Amino acid sequence: MRTDDTARTADGVRRGLSARWFAWLLSHGEGFDREMYGAWKRDLLGPLTGTVVEVGPGGGVNLPYYDADVQWIGVEPNVHFHPRLRKKAAELGLDADVRSGLAERIDLPNASADAVVSTLVLCSVNDLDAALAEIRRVLKPGGVFVFIEHVAAPEASRLCRLQRAIKPLWGVIADGCRPDRETGRRIEAAGFEDVQIERFEAEMPLPVVRPHIAGTARKA
Ligand SMILES: C[S@@+](CC[C@H](N)C(=O)[O-])C[C@H]1O[C@@H](n2cnc3c(N)ncnc32)[C@H](O)[C@@H]1O
């Protein structure tokens, strides 16, 4: 169910009042993001080298964690984030290429990325399996997929029932987010090798988005 005014073109470009509002909202939560995920991001994003493709970078909260020598490509469907991403990357001295597009259809050649990054995005993509297949396709052999995502609570838990009950409303207020997605299980089934997943509870004000996973998966 989607009742907003967000316009989506065939190639996934999103603009409109609700896309603009979401861009504004997300661009003002950087301190909170650092508190919640800073330690994970330093560990997981800091060591990346070469060509790093980030899907759904939003307002660019991850940019400060990258080494200044990476070639960063951001694939972001919400065009209202683009000026901020370019400005922030320039301030950090990062070589950045900001593009429209979707994780499900990344406009890059096979085996062209040393790393692909997704933080708090896979809950929102329409076709998760297609997105994971695309991430694998663009990675070089030996390349790494890095993720931090909020996920479904354990099956049959009270929180899982709440996540399922609230999903239709949540999708409308949180830009298509599905709080009950079993993203970790789907990453494990997506054909990567050496999948390392850690579960943790983020101290979110709303329990529905507290269960998280963070980790890496390598392309053979
Ligand atoms: C909750 S925000 C997370 C932004 C950022 N990664 C972060 O950690 O703050 C979700 C982001 O995913 C983007 N997004 C939604 N659907 C997408 C898709 N199918 N492919 C790529 N990005 C998508 C949204 O535009 C938004 O920037």
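Everything here concerns the structure above.
Residues numbered from 1 in each chain as written. Predicted model: local features only at pLDDT ≥ 70, side-chain atom pairs only at ≥ 80, totals over all residues. Heavy atoms only, no water.

Caption draft 1: Region of interest: the state of the cysteines. One pass over the full model with this rule turns up zero disulfides. Free cysteine: Cys160, not disulfide-bonded; nearest cysteine sulfur from Cys177 at 14 Å. Lacking any disulfide linkage, Cys177 is separated from the closest cysteine sulfur, that of Cys123, by 3.8 Å. For Cys177, a relative accessible area of 6% gives the class buried. (Disulfide = S-S within 2.5 Å. Buried < 20%, exposed > 50% of the residue type's maximum accessible area, 1.4 Å probe, protein only.)

Caption draft 2: Quick peek at the pattern of salt bridges. Within this structure, the stated rule accounts for eleven salt bridges. Where Arg84 meets Glu30, a salt bridge forms, and the shortest distance between an N and an O atom there is 3.6 Å. A residue pair is termed long-range when its members are at least 10 positions apart, and Arg84 in helix H3 (residues 82–92) and Glu30 in helix H2 (residues 30–45) qualify at 54 residues. Between Asp180 and Lys167 there is a salt bridge, and its shortest N-O distance comes to 3.4 Å. Of the two residues, Asp180 sits in the loop between helix H5 (158–173) and helix H6 (183–188) while Lys167 sits in helix H5, which places them 13 residues apart along the sequence. Accessibility expressed as a relative area gives 33% for Lys167, which makes it partly exposed. Overlapping salt bridges bring together Glu30, Arg84 and Lys88 as one network. (Salt bridge = Lys/Arg side-chain N within 4 Å of Asp/Glu carboxyl O. Helix = DSSP H or I, 4+ residues; strand = E, 2+ residues; numbered from the N terminus.)

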